[in-house]
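Take a look at the letters that make up each chain.
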Amino acid sequence: MISEIKNEVKVEVAELLKPVLADQFVLYTKARNYHWNVTGNMFFALHEKFEELYDELANDIDEVAERIRTLGVYSPGSLNEFLKISGIKEEKEGNIPTQMQMVENIVNDYEFLMIRINQAAEKIQSEYKDEVTFGQLTALCEKYQKHVWMLKSLITK
Ligand SMILES: [Fe+2]
């Protein structure tokens, strides 16, 4: 129960969620960028897939930010802050990767995000005993693992 979680613990859990939120936000932006700029023979599949991913990430971002608020902490909400704390890098301005490179970049970013989520989730469960946040993070990883599998399948020769 959230009411049983001590305030100091809520703050610690929220601090672990902030980098996850920032990573998700940068990845959301990258998926939009790739949705607009992808070219090549996989255009239709990737244009649609990237849209599906950023739509999902838009909801996931909201869920994580609102969890931070539920824990009584203010959420990061500026692009500047997201870029500062995200471990995922934006695509360089003016750089348009090939369709294959875009998929590889997105796969690598999801894998990075999942490492970050798993590290946070492990601590949140074992040290802070916040099963609700733990459950939310586990559900995110379940979806992201599936995306990684599908995207890898698309580019495996
Ligand atoms: Fe569009």
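The structure presented is a predicted model; accordingly, all values stated were derived computationally and were not measured.

Novice: What's the story with the overall build of the chain in this structure? I'm lost.
Specialist: A count of helical and extended segments in the chain gives five helices and zero strands. The secondary structure elements of the chain, listed N-terminal to C-terminal, are α-α-α-α-α. The C-alpha atoms of the chain give 16 Å as radius of gyration, which agrees with the globular expectation for 157 residues (15 Å, within 12%). Its C-alpha atoms give the chain principal-axis dimensions of about 55 × 30 × 20 Å. Within the chain, the proportion of its 157 residues that are buried is 44%. Intrachain contacts of the chain at a sequence separation of at least 6 include 82% that bridge at least 24 residues. Summed over all atoms, the accessible surface of the chain reaches about 8,800 Å², with 52% contributed by carbon and sulfur.

Novice: I keep staring at the side chain of D60 and nothing clicks. Help me out?
Specialist: Note on placement: D60 falls in helix α2 (residues 43-70). On the accessibility criterion, D60 (2% relative accessible area) is buried. Sequence-distant contacts of D60, that is, excluding residues within four places in its chain, are made with Q24, L140, K143 and Y144.

Novice: Can you walk me through unusual backbone geometry in this structure?
Specialist: Its identity is not glycine, yet K129 carries a phi of approximately 55°, on the positive side. Relative to the helices and strands, K129 is located in the loop between α4 (99-126) and α5 (131-155).

Novice: What is the right way to read the nonpolar core from this model?
Specialist: Soluble globular proteins tend to bury their nonpolar side chains together. With 47 residues, the main nonpolar core has F50 and Y110 as its most contacted residues. Looking at this core, the elements with two or more residues in it are α1 (7-37), α2, α4 and α5. With twelve residues, the single largest contributor to this core is α1. Discounting residues that sit within four places of it in the chain, F50 has contacts with A31, Y34, H35, V38, M102, V103 and I106.

Novice: Can you walk me through the packing of α4 against α5 in this structure?
Specialist: When two helices pack together, their arrangement is given by the angle between the helix axes and by the axis-to-axis distance. Between α4 and α5, whose axes approach to 9 Å, the crossing angle comes to 160°. By the criterion of interaxial angle, the relationship of α4 to α5 is roughly antiparallel. α4 and α5 meet at a crossing whose hand is left-handed. By residue class, the composition of the contact of α4 with α5 is 20 nonpolar, five polar and four charged.

Basis of the calculations
Residues numbered from 1 in each chain as written. Predicted model: local features only at pLDDT ≥ 70, side-chain atom pairs only at ≥ 80, totals over all residues. Heavy atoms only, no water. Helix = DSSP H or I, 4+ residues; strand = E, 2+ residues; numbered from the N terminus. Rg over C-alpha atoms; globule rule 2.2 N^0.38 Å. Buried < 20%, exposed > 50% of the residue type's maximum accessible area, 1.4 Å probe, protein only. Contact = heavy atoms within 4.5 Å. Areas by Shrake-Rupley, 256 points an atom, 1.4 Å probe, with all protein chains shown as cover. Core = buried A, V, L, I, M, F, W, Y, C linked by side-chain atoms within 4.5 Å. Axes fitted to C-alpha atoms, helices over the stretch in contact; angles between N-to-C directions. Parallel < 35°, antiparallel > 145°, perpendicular 65-115°, else oblique. Left-handed = near helix turned anticlockwise from the far one by under 90°. Nonpolar A, V, L, I, M, F, W, Y, C, P; charged D, E, K, R; others polar.

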